[in-house]
Amino acid sequence: MPAITISEDDFLKFKEYFYRKTGMLFENSKRYFVDKRLIERIEETKSDNFRNYFNMLRFEVSGNELQNLVNSMTVNETYFFREEYQFKCLVDSILSEITKKKTDDSPIRIWSVPSSSGEEPYSIAIYLLEYWADIDKWDVEIMSSDIDTNIILQAKRGFYSPRSVQHLPTKILAKYFRREAEGYQICEDLRQAVEFSRVNIMDPVQVRPFRNVDVIFCRNLLIYFDDTSRRQAAEMFFDSINKGGFVCLGHSESMSRISSLFRVRKFPEAIVYQKPWEA
Amino acid sequence: MAFIKKQTAHVESEDQDIRGLERDFIGLVAELDSDDSSVRRWAVRDLMPMPESSQPLVKRLTRENDASVRAAILNALAHLGDSVAVAGLVDCLRSEDAALRNEAIDVLKEVPHAVEPIIGGLLTDEDSDVRIFAVNILESLRHKNVEQWLIGVIEKDTHVNVCSTALDLLTEVGTEQSIPALNLLKNRFSDEPYICFSVDLALKRIANGSD
Amino acid sequence: MKHILVIDDAATVRLYHRNILEGAGYQVDEAINGIEALEKVLVQPYDLFIVDVNMPKLDGYGFLREFRSQKDVLQSPAIMVSTESGTNDRTLGYVAGANLYLTKPVKPNELLSYVRLLIGDLA
């Protein structure tokens, strides 16, 4: 069998399509990386060549292959303080805007989804404790959900590999974790700070209890969904958050490929999306 | 520490209060005319699983001016996908409101089976704007006939912008089958630089695709 | 160098405009719809916008309305380019904040002459 090749025109065609669907734009310097992943997927799906593969990608009714491809083009790993600029945005910009508009002293509700093994919701808790001056003035409720029961158990347990905590400042690591033989155990106070739950965000009945949320972190999840599921997830989030509440997406995700329900807001640290006040 | 936990069951009872108690079909349809947009939006969301909802939702859509309620209605209609729902979505293509048109196009892209029986009529509609929007629907439609529909457009349509829109898509999905129609189009609009540019691009992509 | 943002959901149209404008020495960025355009304009200033009307998620009118309401962003001129040639469409474009309304397809010299009129040459 001849070796599979990706021509210059194939690359450009693919690049445009992938950009339209995901918002991710590959520069020509990424050509080698993209070709390599494409060839892997062509082999994996037994498509023989780019033409057949692209045809399947474009027209396959299930849309599954696009999700597989997004998976292979992105690095889906989770660790403490990943995309830290957004946590900085939370404590330096978002929360002050929310507290300024609050008319009562009800808790600030933050929903982190998917929880994965817990790095994100715990990072939020740590960030609030360490860097948010008003933490003593407000009650905060951190909720975190995932579709996978096993991963939730892991998150609740709060045991992490050295790799997972490698981006944490030493001071913070020492303060909130206990060193054990194989890794790090997060402290009991933080384990108690996050309420974990099993939720499929595509199921309206399961999402229904999540109301009056002020900030949703949904990073590096919707990019793996098809157009319909993305839009429906955005509809759910819209119902879950308060007017003026915020949605934070992953760094390679954009609401421009998901929904028109939210306003684009730029803070010094990040671009986030806001449910309009007049909604 | 200022972190608190709340049991979700508690939240659910609050939720019931916001959404009212009469959640049957007739009650929900009545709520579509509420003055409060969040009540209307919840009514739409709760009507979505009810198969007989298309008619009242389509009726509301024409008068609805809140963007979030409209988005919920379009989403519900795409989900329902019956002939009344699809006809309601298609009517939006004739709207003067650009946002509504584009939202309708977006959801129609996602229902290939519902679009299949009506796309032929839309692609030959007497209004060139509707023909353009019909081509826009094909943009992400996961249907094996897309290239054939596009070839039909560039072979016959006399409106330059309808052909341009189809041509844009053919640079992505065109195969050898499109070559004669592409050449023909370039001859028909040889004085239009945009058409010539796009035809050349489409032909180049077809010729230089790797086997 | 003058920096232009081309906002259109059609990849071929973006490329066509890019080629014309880069050929005349302008620097070009692209956005696929109004939301992506807002994400870009809130981060960096542009000297001119070429804006399509019909786009998914946020159309050209919606983009211009939102953009024109941003007080701390450089309010550069915008050329709206549409497939629709009705008087009503034109009026909507101007009301939303367009400085000029052109009907597609646009010829290269026509586009360049309007761009020069609005933002001058490259210096």
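**Describing the sheet that holds strand β6 (residues 194-198) of chain A**
All names here are of chain A. With mixed pairing, seven strands are arranged side by side in an open sheet as β6-β2-β1-β7-β8-β10-β9. Pairing within the sheet leaves two strands with one partner each, and these edge strands are β6 and β9 (263-266). Adjacent strand axes in the sheet meet at a mean angle of 25°, parallel and antiparallel pairs treated alike. In this fold helix α6 (residues 119-131) packs onto β1 (108-112), β2 (140-146), β6 and β7 (213-218), with an angle of close to 165° to the strand it touches most, β2. The sheet strands contacting helix α7 (residues 149-157) are β2 and β6, and the helix crosses β6 at an angle near 165°.

**Things to note about the domain arrangement of chain B**
All names here are of chain B. Split into domains, chain B comes out as domain 1 (11-110) and domain 2 (119-211). On a C-alpha basis, the centres of domain 1 and domain 2 stand 34 Å from each other. For the pair domain 1 and domain 2, the summed buried surface comes to about 830 Å²; carbon and sulfur atoms form 69% of the total. Of all residues in domain 1, L93, R94 and K109 bury the most surface against domain 2, accounting for 63% of the area lost on that side. For the pair domain 1 and domain 2, the number of links is two salt bridges. A salt bridge links D125 to R94, with the nearest nitrogen and oxygen atoms 2.6 Å apart. Taken together, domain 1 and domain 2 are joined by two residue pairs in polar contact (both at pLDDT 80 or more).

**A word on helix α1 (residues 8-22) of chain A**
Residue and element names in this part refer to chain A. Between its first and last C-alpha, α1 extends 21 Å over 15 residues, near the 21 Å set by a 1.5 Å rise per residue. The buried fraction of α1 is high, at 13 of 15 residues. Taken from the residues just after α1, G23 is the one with a positive phi, measuring 90°.

**Here's the deal with the domain arrangement of chain A**
Residues and elements named next belong to chain A. Each assigned domain of chain A is listed with its residue range as follows: domain 1 (8-73) and domain 2 (84-274). Centre-to-centre, using C-alpha coordinates, domain 1 lies 31 Å away from domain 2. With both sides pooled, the region where domain 1 packs onto domain 2 buries about 780 Å², and carbon together with sulfur makes up 46% of that total. The interface formed by domain 1 and domain 2 includes one salt bridge. Between D227 and K21 there is a salt bridge, with the nearest N and O atoms lying 2.8 Å from each other.

**A short note on the packing of aromatic side chains**
All names here are of chain A. By the definition in use, this model includes 24 aromatic pairs over all chains. Ring pairing ties together the aromatic residues F80, Y122, Y160, F177 and F196, which thus form one cluster. Above the face of the Y19 ring, R257 is positioned so that its terminal group lies 4.8 Å from the ring centre. The ring of F238 has K275 lying over it, and the distance from NZ or CZ to the ring centre is 4.3 Å.

**Some thoughts on the layout of surface pockets**
Where empty space is left can be seen by rolling a probe of water-molecule size over the atoms. Its boundaries defined by the atoms lining it, the largest pocket holds a volume of some 720 Å³. Lining of the largest pocket is provided by 29 residues; of these, A:S260, A:R263, B:A67, C:L58 and C:E66 occupy positions nearest its centre. Put simply, the parts of the chain that give the lining of the largest pocket at least two residues each are β9 of chain A, α5 (67-80) and α7 (98-108) of chain B together with α2 (34-41) and α3 (60-68) of chain C. Looking at which element gives the most residues to the lining of the largest pocket, the answer is α5(B), with four residues. Class assignment of the residues belonging to the lining of the largest pocket gives a composition of 14 nonpolar, five polar and 10 charged. Estimates place the volume of the second largest pocket at around 570 Å³. Forming the walls of the second largest pocket are 25 residues, and the residues nearest its centre are A:H251, A:E253, A:S254, A:I271 and C:E39. Only α5 (84-101) and β10 (271-274) of chain A together with α2 of chain C provide two or more residues apiece to the lining of the second largest pocket. At three residues, the largest contribution of residues to the lining of the second largest pocket is made by α2(C). A per-class count over the lining of the second largest pocket returns 10 nonpolar, eight polar and seven charged.

**Focus: the environment of A:E77**
Residues and elements named next belong to chain A. By secondary structure assignment, the location of E77 is in the loop between α4 (64-73) and α5. Accessibility expressed as a relative area gives 30% for E77, which makes it partly exposed. Distance in space between the C-alpha atoms of E77 and A133 is 30 Å, their sequence separation being 56 residues. Ignoring anything within four residues of it in the chain, the contact list for E77 reads R82 and R163.

**Quick word on the interface of chain B and chain A**
Contact with chain B, which involves 44 residues of that partner, is made by 55 residues of chain A. Summing both sides of the interface, chain B and chain A together bury roughly 4500 Å²; the carbon and sulfur share of this comes to 46%. Linking chain B with chain A are 13 salt bridges, by the criterion used here. Two residues, A:R208 and B:D46, come together in a salt bridge whose shortest N-O distance is 3.5 Å. If one sorts the elements of the side of chain B that touches chain A by residue count, helix α1 (residues 8-19) of chain B sits on top with six residues. Classifying every residue of the side of chain B that touches chain A by side-chain character gives 15 nonpolar, 11 polar and 18 charged.

Thresholds applied
Residues numbered from 1 in each chain as written. Chains lettered and ligands numbered in written order. Predicted model: local features only at pLDDT ≥ 70, side-chain atom pairs only at ≥ 80, totals over all residues. Heavy atoms only, no water. Pairing = 2+ DSSP bridges. Helix = DSSP H or I, 4+ residues; strand = E, 2+ residues; numbered from the N terminus. Axes fitted to C-alpha atoms, helices over the stretch in contact; angles between N-to-C directions. Contact = heavy atoms within 4.5 Å. Domains from an automatic or database assignment. Buried area = accessible area lost by both parts, 1.4 Å probe. Salt bridge = Lys/Arg side-chain N within 4 Å of Asp/Glu carboxyl O. Polar contact = N/O pair within 3.5 Å; in protein donor to acceptor, adjacent residues only side chain to side chain. Expected span 1.5 Å × (residues − 1). Buried < 20%, exposed > 50% of the residue type's maximum accessible area, 1.4 Å probe, protein only. Phe/Tyr/Trp six-rings, centres within 6.5 Å; stacked < 30°, edge-to-face > 60°. Lys NZ or Arg CZ within 6 Å of the ring centre and 35° of its normal. 1 Å grid on protein atoms, 1.4 Å probe; cavity = no way out; pocket = protein on both sides within 12 Å on 5 of 7 lines; lining within 4 Å. Points joined across faces, edges and corners; volume = space filled by probe spheres on them. Nonpolar A, V, L, I, M, F, W, Y, C, P; charged D, E, K, R; others polar.

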